[in-house]
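As a plain string of letters, each chain reads:
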Amino acid sequence: LKTPLTVILANNAILRRRGGDTVASQMQWVESTQVEAERMQALVADMLDLARPATEEAAGDEAPLVNLSRLVEGEALSFEAVAFERSIAWESAVAPGVTVRGDATRLQRCVAVLLDNACKYTETGGTVAVALRAEGGEAVLAVRNSGDPIAPEDLPHLFDRFYRADKARTHGDAENDAPQGYGLGLAIAQDIARAHKGTLTVTSTPEAATTFTLRLPVA
């Protein structure tokens, strides 16, 4: 939080010194403040999400039914547009009628984190594959992306809060892309999986690419 605050305060100091100038002539400082404020807002939202008690469970016999198939299809459709803009091939195989119990909003956040992560780390011309199926009493969502594999030393820490693997894995134009985050997305996704009595795991090799697998009890 200190970094965006420092930028915001510096921008405001410049604006105060140039009080006689027009707003239009100082738009770069105004826009910079807006960007940093939005980064802070996203970070605070993530930290509040992680501040939920570890014992809080969203799944249970009394929890609402969630059509996971429909939820995954909706998120996949949104991120397919992102993939198209980045010249990434998009594959989706979602089995119909897969339902779980839990909080639909939090499950949607979990799926969005996995799809967003896959798009970020896929090279131009690469592939993201999303697959949902029911298997052995579990709903299994697998999100696979091509691209550079995750280093073996990073794998055990991917779900740690504020941990980020080598930034060089991120593809895209760093000058124009949105900020890549603070290393909280996967930690949030794992917390959501655990709250729904499920698991979230990852495998990554040069031969098989990178796959995140979410397993939840079916309803």
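Let me sum up the structure you'll find in this document. All values reported here derive from a predicted model rather than from experimental measurement.

**Considerations on the environment of Ala151**
Mapped onto the elements, Ala151 comes out in the loop between strand 5 (138–145) and helix 5 (185–195). The partly exposed category is assigned to Ala151, whose relative accessible area is 23%.

**Quick look at the environment of Met40**
As for its position among the elements, Met40 is in helix 2 (residues 27–50). The class for Met40 is buried, based on a relative accessible area of 18%. Distance in space between the C-alpha atoms of Met40 and Lys2 is 9.4 Å, their sequence separation being 38 residues. Filtering out sequence-adjacent residues up to four positions away, Met40 remains in contact with Leu1, Pro4, Leu5 and Ile8.

**Looking at helix 2**
Taking 1.5 Å per residue, 24 residues should reach 34 Å; helix 2 reaches 35 Å between its end C-alpha atoms and fits that length. Looking only at helix 2, the buried set comprises Trp29, Thr33, Glu36, Met40, Leu43, Asp46, Asp49 and Leu50. On its buried face, helix 2 sits against helix 1 (2–17), helix 4 (104–120) and helix 5.

**Describing the nonpolar core**
Membership of the largest hydrophobic core comes to 44 residues, with the highest contact counts inside it found for Leu68, Val72, Trp90, Leu114, Leu141 and Leu214. Non-local contacts of Leu114, meaning those with residues more than four positions away in its chain, are made with Leu141, Val143, Leu186, Leu200, Phe212 and Leu214.

**Comments concerning the side chain of Thr210**
Mapping Thr210 onto the fold places it in strand 7 (residues 209–217). Separated by 2.7 Å, the side chains of Thr210 and Ser204 make a polar contact.

**Observations regarding the packing of helix 1 against helix 2**
Orientation of helix 1 relative to helix 2, taken along the N-to-C sense of each, is 155°, at an axis distance of 9 Å. Comparing the axis directions of helix 1 and helix 2 gives the class roughly antiparallel. At the point where helix 1 passes helix 2, the crossing takes the left-handed sense. Contacts from Pro4, Leu5, Val7, Ile8, Asn11, Asn12, Ile14 and Leu15 in helix 1 reach Trp29, Val30, Ser32, Thr33, Glu36, Ala37 and Met40 in helix 2. Partitioning the contact of helix 1 with helix 2 into residue classes produces 10 nonpolar, 4 polar and 1 charged.

**Comments concerning the pattern of salt bridges**
Applying the stated rule across the entire model yields 6 salt bridges. As a salt-bridge pair, Arg215 and Glu135 come within 3.6 Å of each other at their nearest N and O atoms. With Arg215 in strand 7 and Glu135 in strand 4 (residues 127–135), the pair connects residues that are 80 residues apart, well separated along the chain. Judged by relative accessible area, Arg215 falls into the partly exposed class, the value being 26%. For Glu135, a relative accessible area of 36% gives the class partly exposed. In this structure, Asp191 and Arg161 form a salt bridge, with 3.2 Å as the shortest nitrogen-oxygen distance.

**Quick word on the sheet that holds strand 2 (residues 89–94)**
Taken together, 5 strands build an open sheet; the order of strands is 2-4-5-7-6 and the sheet is mixed. Pairing within the sheet leaves two strands with one partner each, and these edge strands are strand 2 and strand 6 (199–205). Strand after strand, the sheet turns through a mean of 10° between neighbouring axes, direction not considered. Where helix 5 meets the sheet, it contacts strand 6 and strand 7, and its direction lies at approximately 135° from that of strand 6.

**Describing the side chain of Glu36**
Of note, Glu36 is situated in helix 2. Glu36 gets classed as buried once you look at its relative accessible area, which sits at 10%.

**Side note on the environment of Thr205**
For Thr205, the location among the structural elements is in strand 6. Residue Thr205 is classed as partly exposed on the basis of its relative accessible area, which comes to 32%. In the structure, Thr205 is positioned 56 residues away from Pro149 in sequence and 5.5 Å away in space, judged by C-alpha atoms. In this structure the side chain of Thr205 is engaged in a polar contact, spanning 3.0 Å, whose partner is the backbone nitrogen of Ala208.

**Regarding the pairing of strand 5**
Where burial is concerned, most of strand 5 is hidden: 6 out of the 8 residues are buried. Here 8 bridges tie strand 4 to strand 5, and the two strands are oriented antiparallel to one another. Bridge pairing in strand 5 places Ala129 opposite Arg144. Two successive antiparallel strands, strand 4 and strand 5, enclose a turn made up of 2 residues, where Gly136 displays a positive phi of approximately 55°. Across 8 bridges, the pairing between strand 5 and strand 7 is antiparallel. Directly across from Leu141, in strand 7, lies its bridge partner Leu214.

What counts, and at which threshold
- Residues numbered from 1 in each chain as written.
- Predicted model: local features only at pLDDT ≥ 70, side-chain atom pairs only at ≥ 80, totals over all residues.
- Heavy atoms only, no water.
- Helix = DSSP H or I, 4+ residues; strand = E, 2+ residues; numbered from the N terminus.
- Buried < 20%, exposed > 50% of the residue type's maximum accessible area, 1.4 Å probe, protein only.
- Contact = heavy atoms within 4.5 Å.
- Expected span 1.5 Å × (residues − 1).
- Core = buried A, V, L, I, M, F, W, Y, C linked by side-chain atoms within 4.5 Å.
- Polar contact = N/O pair within 3.5 Å; in protein donor to acceptor, adjacent residues only side chain to side chain.
- Axes fitted to C-alpha atoms, helices over the stretch in contact; angles between N-to-C directions.
- Parallel < 35°, antiparallel > 145°, perpendicular 65-115°, else oblique.
- Left-handed = near helix turned anticlockwise from the far one by under 90°.
- Nonpolar A, V, L, I, M, F, W, Y, C, P; charged D, E, K, R; others polar.
- Salt bridge = Lys/Arg side-chain N within 4 Å of Asp/Glu carboxyl O.
- Pairing = 2+ DSSP bridges.

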